[in-house]
Amino acid sequence: MIVSGVATSPHSSSHTPIVELCSKHTPAFGGISIPVCSAPTTSQHTSKKTSTNGNNRRKRKADQKSTIPGPRSTVFEFACAVDSQMGQTNEELEICHVRLCKEHINLCDENACAQLDYQIRAAAERAPPHMWGALPCTSGSPWQYINKLRGGERFKVHLNKMILTSKKLFKSFVKSAELVLSLGGTVTFEWPRHNSVWNRPDVRRFFEQRPELQSVEFDGCMLGLKSKEKRPIKKPWKLMSTDPRIISAFQGYLCKHQPHGHDKCEGAEISRSAFYP
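Numbers given for residues are sequential positions, taken from 1 along each chain in its written order. Predicted model: local features are reported for residues with pLDDT of at least 70 only, side-chain atom pairs are reported and counted for 80 or more only, and whole-chain, interface and lining totals are derived from all residues. To obtain the side-chain values, all non-hydrogen atoms of the structure were included, while hydrogens and water were left out.

Draft legend 1. Layout of the environment of Phe-206. As for its position among the elements, Phe-206 is in helix 7 (residues 201-209). Buried, partly exposed and exposed residues are distinguished by accessible area as a fraction of the type maximum, computed with a 1.4 Å probe on protein chains only: under 20%, between the cut-offs, and over 50%, respectively. Owing to a relative accessible area of 4%, Phe-206 belongs among the buried residues under this scheme. The contact definition used throughout considers only heavy atoms, calling two residues in contact when any of these lie within 4.5 Å. The residues touching Phe-206, leaving out its near neighbours within four places in the chain, are Phe-170, Phe-173, Val-174, Ala-177, Glu-178 and Leu-213. By definition, any uninterrupted DSSP run of H or I lasting at least four residues is a helix, any uninterrupted run of E lasting at least two residues is a strand, and each is numbered from the N terminus.

Spelled out as structure tokens, the structure:
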């Protein structure tokens, strides 16, 4: 089940129950709300008022057990696209997925983040949640070195604004990630391997303070990332995760192709490659 963003106004000062948030906003895929805090069904309420006969009691318990979904972790995808590939895949796998996209939530707004904290806590009552972060990293792209040379002072002002926004967004991610970890959940963070934002002081400080976040490197071409021409694209990725299953799953996928066997990850292919294959 998919929900795009926190289903509430970023400027709301009161906390609305998650079941009400989800019921008022149509999920991007399907029409079923996240079952994290779903309200009890009528049959669950009325079953207590029926006969106390032993056989009936056992039958009621069996019926309740068959209708109540088992504990499933909710994935919160931080700063993603409104139609992210991860959300589509999780929908197919019937995994609860919340897209925290800019179209639905301002992740730099304190009121909006307070609602997000409430939603994370509600999800954790069902099962430990997972936070996946893949923040925009344009400000640290190697192409910015060329852009600075070509764009001069005007571009440098633009770049500084991007860096400031990136820092605010990362600070918000850290706060949410710390909450998820405190509730027994897991966190994964992804960026291109050679992006300079990995070396930014605020980024390095967070990962150094959280040694449980282990790293794994892999290349997109080994996982089916291709250009419009159907040729492999060697996009070097790096994941930091507290979940050993994720670390294990991505190990051993470094490029084994010949250098000339790829298309370049540039132009329109850069934005397309943000959608995981």
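From this point, the discussion proceeds with the structure in view.
Draft legend 2. Structural detail: the packing of aromatic side chains. Between the rings of Phe, Tyr and Trp (Trp by its six-membered ring), a pair exists once the centres lie within 6.5 Å; its type follows the angle of the planes, with under 30 degrees stacked, over 60 edge-to-face, and the other angles tilted. All told, the structure shown has 16 aromatic pairs when counted by the stated rule. Consider the rings of Phe-170 and Trp-191, whose centres lie 6.2 Å apart with planes at 25°: the pair is stacked. Taken as a pair, Phe-170 in helix 6 (residues 143-182) and Trp-191 in strand 5 (residues 186-192) lie far apart in primary sequence, 21 residues in all. Assigned by exposure class, Phe-170 and Trp-191 land together as buried. The structure contains a cluster of three or more aromatic residues connected by ring pairs, namely Phe-78, Phe-170, Phe-173, Phe-189, Trp-191, Trp-198, Phe-206 and Phe-207. In this structure, Lys-238 packs its charged tip against the face of Trp-198, placed 4.6 Å from the ring centre. Comment: the charge-over-ring label is applied if NZ (Lys) or CZ (Arg) is within 6 Å of the ring centre and within 35 degrees of the ring normal.

Draft legend 3. Seen up close, the pairing of strand 5. For strand 5, the tally of buried residues reaches six of seven residues, placing the bulk of the element in the interior. Viewed along the sheet, the connection from strand 4 (residues 130-133) through helix 6 into strand 5 turns out right-handed. When DSSP locates at least two bridges between a pair of strands, those strands are taken to pair. Pairing between strand 5 and strand 7 (residues 236-241): five bridges, direction antiparallel. When the sheet's bridge partners are listed, Thr-188 is paired in strand 7 with Ser-241. The path from the first strand over the helix to the second decides the hand: if it runs clockwise while the strands point away from the viewer, the crossover is right-handed.

Draft legend 4. Representation of the pattern of salt bridges in the model. Take a side-chain nitrogen of Lys or Arg and a carboxyl oxygen of Asp or Glu: if they are within 4 Å of each other, that pair is a salt bridge. Across all of its chains, the model carries eight salt bridges by this definition. One salt-bridge network, in which partners are shared between bridges, spans Glu-178, Arg-210 and Glu-212.

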